[in-house]
Amino acid sequence: MAFKVLLDELAMNRALTRIAHEILEANKGAKNIILVGIETRGVPLAQILADKIKMIENVEVPVEKINIAFYRDDLEKKYTQPLAGESSIHDINDKTVILVDDVIYTGRTVRAAMDALMDLGRPSYIKLATLIDRGHRELPIRADFIGKNIPTSKKEIVHVKIQSIDGESCVLLETK
């Protein structure tokens, strides 16, 4: 297996700063926004975006987390036993929910997250922010805010590493 660095820590930081600015511009500020990180790596990315929005607008944006294990349609393929975790979502009614994930690939994770959100309330809007868009969509889902588009083959794997989880921040491409 070979690994190629797609984004180093500085490039990740620049991409996340740009996404924060794009979120604020698209929403005309930070009012009524809730960032919802999709477990696992979407959660710290949502927190980073919230920190950047606070630096830009001096407004604290709520950060919530969502666990979609039981909403996946490929559960039996992906896990022998589902990863049960709790979502920490409060009132999303009439809010703009920004779903945050590390990589968008087939779109199935995002669809599961939207299903889970709709079980919890009725947001005004659901938008998607992702650090990496690698293509290969199986569902008609697209990200609203993208750090970097990286066309990949289906044999390649994108690994997003985040300091708080992995001890380093970078994006790697694994080729087999």
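The rules behind the values
- Residues numbered from 1 in each chain as written.
- Predicted model: local features only at pLDDT ≥ 70, side-chain atom pairs only at ≥ 80, totals over all residues.
- Heavy atoms only, no water.
- Helix = DSSP H or I, 4+ residues; strand = E, 2+ residues; numbered from the N terminus.
- Axes fitted to C-alpha atoms, helices over the stretch in contact; angles between N-to-C directions.
- Left-handed = near helix turned anticlockwise from the far one by under 90°.
- Contact = heavy atoms within 4.5 Å.
- Nonpolar A, V, L, I, M, F, W, Y, C, P; charged D, E, K, R; others polar.

> Account for the environment of Asn 13, naming residues and giving values.
Within the secondary structure, Asn 13 sits in helix α1 (residues 9-26). Once the C-alpha coordinates of Asn 13 and Cys 170 are considered, the two residues, 157 residues apart in sequence, prove to be 9.6 Å apart.

> So what about the packing of α1 against helix α2 (residues 42-57)? Which residues, and what values?
Taken N-terminus to C-terminus, the directions of α1 and α2 make an angle of 65°; their axes are 9 Å apart at the nearest point. The interaxial crossing formed by α1 with α2 has right-handed handedness. In this structure, α1 uses Asn 13, Leu 16, Thr 17, Ile 19, Ala 20, His 21, Ile 23 and Leu 24 to contact α2, whose residues at the interface are Leu 45, Ile 48, Leu 49, Lys 52, Ile 53, Ile 56 and Glu 57. Grouping the constituent residues of the contact of α1 with α2 by class yields 10 nonpolar, 3 polar and 2 charged.

> Which residues make up unusual backbone geometry, and what values do they have?
What you tend to see is this: most non-glycine residues have negative phi, and most peptide bonds are trans. Cis geometry is adopted by the peptide bond preceding Thr 40, which originates at Glu 39 and carries an omega value of 15°. With respect to the helices and strands, Thr 40 occurs in the loop between β2 (33-38) and α2. The residue Asn 32 is not glycine, and still its phi comes out positive at about 65°. Inspection of the secondary structure puts Asn 32 in the loop between α1 and β2. Residue His 136 is not a glycine yet carries a positive backbone phi of 70°. Note on placement: His 136 falls in the loop between β5 (125-133) and β6 (145-149).

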